[in-house]
Amino acid sequence: MPEVDNLGESARLPRGEHRVVLIVDDVPDNVAPLHDALDDAGYTVLVALDGESAIRRARQALPDMVLLDAVMPGIDGFEVARRLKADAATAGIPVIFMTGLTDTEHLEAAFAAGGVDYVTKPIKPREVMARMGLHLRQARERREGAIERSQARHALDAFGYATITVRASDGRLLWQTALARDLLRQHCGTEAPTTPPAVLHWLRRHLGEAQAQREPPRLTLENGPRRLTFRLHQRVGDEDSDPRGQGDWLIVMQETSNESVYAALAAAFGLTAREAEVLYWVVKGKINRDIADILGASPATVKKHLERVHMKMGVETRTAAAAMAIGRVRQLDTPGA
C-alpha cells in the first residue's frame, strides 16, 4: 500500500500527542488502508461496524474524531451523527462523513446532521488525514476558548460579580453568577433560562451600538429603595454559535440602595419612613402618579403624605420642599444617588 508507506513526517502526530479516531463502516475492507495509515501516523484507531455500536463506542471512548460511513444497514450515518450531536458528552466531537453519495441532497443531509466535512469513496488516506488535521485544530481551538471562558466565569462568580450572558436572537439567559441569579429573582421574579423582558428589550434596542463597540446607555430597574443597573460589557463566545448573527452578550449588574438617603431625610425633617420616600421622589422630579406607581400606593395616598411633609418642613410647595431637602441632605446632590 504505497500511500501508507509514504505518508511522510507531516502526516504524523507530533511526539507526545495522542489522538483517538473512531472509524464507522459496515465493510471493514473499505477502510483498511485508512486504518493502516492512521495507525502508522500515531493515531489510536477504534472501529465500529454498525450505527448502534458506533454510538456506544463514541460515548465510552470520547474520540477526538469520528469518520462515519453515510450509508449502512440499520441506523445510517446521518442518524448516528444526529444522536452524537444531541448528546452533550459527544456533541463536540467532529464528524467527517465517508460517502459514495455526491448528490447535493445527500451532502446537505450530512451537514444538517452535524458533519463538519465529507470525503468520497474510494477513500484516499492522504486526503482524509489532511481534512482531519484541519478540523482537529479547529476543535482544539474551540475547546481552549471554552476553557478560557469557563475560567473567566468562575472568577466572576468567585469575586461576587453579578453577571449574566444573554443570547440576543432568542432571548435565552445562557449563564449567570450566583449573585446575578439572586438579584434577578428579587428584582424581576425571573429564573434562567428566561431573561427579564425589560433587559431583553434594552439589549435588542441597543445591539447596533454594541456591535459597533460603543457602550449603550445603562438600564436601571427601580424596586422601592433598591435599584438594579445593567451595563452591556462585551460580546462573548464564537461568532458562529448564533446563526442569526446577533451574538451572546455579557451583562454586568450592580445593585444600589436609597435606604441611607431615606434615613437621612427622615432624621433631618422628622419624617416617617414613607414620608421620606415620598420626599425623595419629589426631589427626583417625579409627579404624584409616578410616585404612587413606584411605592405601590394610590395618588391620593401620596398626596396626603406630601401634605404632611410640607407641614413638617414648613413649606407650601413641592419645589420648596425639594430645594430644602437638597440643601440639607448631601447624598441627594450626589450623581447617581
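Reading the values: rules and limits
- Residues numbered from 1 in each chain as written.
- Predicted model: local features only at pLDDT ≥ 70, side-chain atom pairs only at ≥ 80, totals over all residues.
- Heavy atoms only, no water.
- Salt bridge = Lys/Arg side-chain N within 4 Å of Asp/Glu carboxyl O.
- Helix = DSSP H or I, 4+ residues; strand = E, 2+ residues; numbered from the N terminus.
- Buried < 20%, exposed > 50% of the residue type's maximum accessible area, 1.4 Å probe, protein only.
- Pairing = 2+ DSSP bridges.
- Right-handed = clockwise from strand over helix to strand, strands pointing away.
- Axes fitted to C-alpha atoms, helices over the stretch in contact; angles between N-to-C directions.
- Parallel < 35°, antiparallel > 145°, perpendicular 65-115°, else oblique.
- Left-handed = near helix turned anticlockwise from the far one by under 90°.
- Contact = heavy atoms within 4.5 Å.
- Nonpolar A, V, L, I, M, F, W, Y, C, P; charged D, E, K, R; others polar.

J.: Talk me through the pattern of salt bridges; I want residue IDs and the actual numbers.
T.: Evaluated as defined, the whole model comprises 19 salt bridges. Between Asp64 and Arg19 there is a salt bridge, with its nearest N and O atoms 3.4 Å apart. You can see Asp64 sitting in the loop between helix H3 (51-61) and strand S3 (65-69) and its partner Arg19 sitting in the loop between helix H1 (2-5) and strand S1 (20-24), a full 45 residues away along the chain. Take Arg19: its relative accessible area is 6%, and that puts it in the buried class. The partner of Lys312 in a salt bridge is Glu275, and the shortest N-O contact between them spans 2.8 Å. Highlighted residues: Lys312 in helix H13 (residues 299-313) and Glu275 in helix H11 (residues 273-283), separated in sequence by 37 residues. Taken together, the salt bridges that share partners define one network made up of Glu52, Glu79, Arg82 and Arg83.

J.: Go over the pairing of strand S4 (residues 95-99), please, and point to the residues and values.
T.: Successive residues of a regular strand alternate their side chains across the two faces of the sheet. Of all five residues in S4, five are buried, a share of seventy percent or more. Residues Val95, Phe97 and Thr99 of S4 are buried on one face, and the alternating residues Ile96 and Met98, pointing to the opposite face, are buried as well. Note that S3 and S4 share four bridges and pair parallel. Looking at S4, one finds that Asp69 is bridged to Met98. Chirality of the crossover, the property in question, places the unit of S3, helix H4 (residues 77-86) and S4 among those that are right-handed.

J.: Please set out the packing of H3 against H4 residue by residue, giving values where relevant.
T.: One way to put it is that H3 packs onto H4 with a least axis distance of 10 Å and a crossing angle of 25 degrees. Judged by the inter-axis angle, H3 sits roughly parallel to H4. Every pair of crossing elements has a handedness; the one defined by H3 and H4 is right-handed. Contacts between H3 and H4 involve Gly51, Glu52, Ala54, Ile55 and Ala58 on the former and, on the latter, Val80, Arg83 and Leu84. Tallied by class, residues from the contact of H3 with H4 come to five nonpolar, one polar and two charged.

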